[in-house]
Amino acid sequence: MQNLLWSSLVCLSVMGVSPAWAQSQSAPMSGAPSGSPASPVPPQQGGGMTPSQPGQVTPQSAANTIRTYSTVVVLDGVALDAKGNPVLDLKADDFKITEDDAPQTIRRFEVPGRTMPPANVDIESTADLDRLAPEAPVNIVLLDEFNTHFEDMAFARYSLKKWLEKQPGKLDEPTMLIAVSIDKFQVLRDYTQDKQQIISALDHHFAANPWQSHSFSWVPERFSTAFITLMRVAEASSGHPGHKDMIWLGRGFPNINLQNAGVDGERQVHNAVQRTVNQLRDARVTLYTIDPAGLQIDPGSYGNFAGTFSPFGGEPNFEALSVATGGRPIHGRNDVDAMIGTAIRDGASLYSMSYRPTNNTYDPQKFRRIKVVVDRPGVTFVTRQGYYPQGGPARPTQDGRVGRQLATELVSASASNMVYDAVPFVLAIAPEDVHQWMVTVMPKGLAWYFGTADQPRSTRLLVTVTTFDKKNKLLKTEGKRMEFKAPMTAPARGRYESGVRFPYKLEPDPKAVRARMVVRVEATGHMGSADFPLTVGTTVSSDGQNPTVNATPANTPPQTTAPPAAQPGDPAPAASPTPPPPAQ
């Protein structure tokens, strides 16, 4: 039975793809879309660019590979006194940081409350957040309906509503509400400071009946859903630089006993944990897990395997994942509303500091342990325990084939209703043909591979378009891979900022009434999304704002300017810190 579990777990959980999509991986993603050639956008710094020919992929070269490892580690954490209350008057000199016992120098230090939204603004969407309070801390409340019994989830919802009703009408921090079942991921309410909007979304949501939580045979699917959910939230929210307090209301994923996993199974689960911790770290997400089951009179109510697959025992376990991100697991208590309040209070009391590690060697399998000591008696600092050096995002192979991890991430983004805001772009539907679009990707979200003396810098995009019918049923998802090259006048290294523009032709479908486009930058793995009705003349931006685009029209020669010389200390594009790994 254990061996059967592990074979299915490796296929479903760690890889996390449906059979239909897995079969489609055998074909490469197509090249640039048909229609007129892609056109340049005047860069903010540097010249224009010219796209490569459709379907052509430049072989990987030394221009795409970096030889050293360098990063800046950001630590978000809360200082607590002996009674568990936040301490808010500390200074940078009060903190001592070590990484693998080596002292580190704090480069940047922020006190709690510095980046809170201004009192005179109201945040009612991700677009408002990015525009009005781009560094504000936020709360993401997630209802785990696939691991938690129906009656326990009902108590979790009651407790969340009870806590909300005690708050003022306008919440201090923008809050998002998400519900996840075994087969559905739903954003019930985008970021808002209006508590009544969250209460209304909670009241109008019909919770799933998680009958799978009673069955041992569904453990792989539950394990998979938990990991994919964590990574999906991290990927979608990575465009917002502020801290995210993720409050997971539910039992969390069931634990797996690695004793019978075998070497390959253990390695694959370890890789899944590593990727998840890295993505949560990069998105500045702290995970708080709150088990609404309270004091368990009968642990067997979660099945005969509740001891083995309990949420807070065994290896790996959800509690360890929470602690690794700097959060706290909370279980065995009945005052769930108070625990929700504690998690949100901690999120509003965070210190933020950063340092550049003294160890610049690169070993993606080695966990770097962080320790922070506060020079004040009785005060402890709760933050993440460490990190794995970044191994780079999943990328297609040289011939354009999509691996399972990348397929999972693209499918998750394409089928979601969550806003991905790391890559801003504008899409304009032609006034005479709903299937002809022009897409402009802004410089802010792009990353350019380094160039050489005879090879220009380049950037690659993965673009998916998903269509839906009038009942919101997914009809089809199609994907394309495109490459754009900068002019030889662009600096081969150092800072370079330039956008790209390309046409897109959608395959006609009489049932389609709306679409969702996802643009992923191959070098960084960052994504942007836009949802829009299929109506002629529509213009939509991925950040939800009414766009005014200063870009060169299609088929117009670019207006180039001489790029500024790269300065010492200029940050390299996000593509450069790590070499592209093989497809996973």
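Nothing here was measured: the structure is a model prediction, and the numbers come from that model.

Asker: Any details on the environment of Lys161? Residues and values, ideally.
Answerer: Secondary-structure assignment places Lys161 in helix α4 (residues 150–165). Linking Lys161 and Gln196, residues 35 residues apart in sequence, is a C-alpha distance of 9.8 Å. Among residues more than four places away in sequence, those in contact with Lys161 are Ile199, Leu202 and Asp203.

Asker: Could you give me a rundown of the packing of aromatic side chains, with the residues and numbers involved?
Answerer: Per the counting criterion, the structure on display carries 12 aromatic pairs. An angle of 75° between the planes, with centres 5.1 Å apart, marks the rings of Phe95 and Phe381 as edge-to-face. Linking Phe95 in strand β4 (residues 95–99) with Phe381 in strand β15 (residues 380–382), this pair joins segments that are 286 residues apart in sequence. The exposure class of Phe381 is buried, given its relative accessible area of 10%. Following the ring pairs from residue to residue traces out a cluster consisting of Phe95, Phe109, Tyr351 and Phe381. Between Lys480 and the ring centre of Tyr504, over which it is positioned, the NZ or CZ distance is 5.5 Å.

Asker: How would you sum up the nonpolar core? Please name residues and give values.
Answerer: The biggest cluster of nonpolar side chains holds 35 residues, and the ones touching the most others in it are Ile178, Met246, Trp248 and Met418. Sorting the residues of this core by element identifies β7 (138–144), β8 (170–180), β9 (185–194), α6 (219–237), β10 (244–249), α7 (262–282), β11 (285–290) and α8 (318–324) as the ones contributing at least two each. Considering each element in turn, this core owes the most residues, five residues, to α6. Setting aside residues no more than four positions away along its own chain, Ile178 makes contact with Ile140, Val141, Leu142, Leu143, Phe185, Gln186, Val187, Leu188, Val233 and Met418. The next biggest cluster of nonpolar side chains, apart from the first, holds 34 residues, and it includes Val465, Ala486, Val519 and Val521.

Definitions and cut-offs
Residues numbered from 1 in each chain as written. Predicted model: local features only at pLDDT ≥ 70, side-chain atom pairs only at ≥ 80, totals over all residues. Heavy atoms only, no water. Helix = DSSP H or I, 4+ residues; strand = E, 2+ residues; numbered from the N terminus. Contact = heavy atoms within 4.5 Å. Phe/Tyr/Trp six-rings, centres within 6.5 Å; stacked < 30°, edge-to-face > 60°. Buried < 20%, exposed > 50% of the residue type's maximum accessible area, 1.4 Å probe, protein only. Lys NZ or Arg CZ within 6 Å of the ring centre and 35° of its normal. Core = buried A, V, L, I, M, F, W, Y, C linked by side-chain atoms within 4.5 Å.

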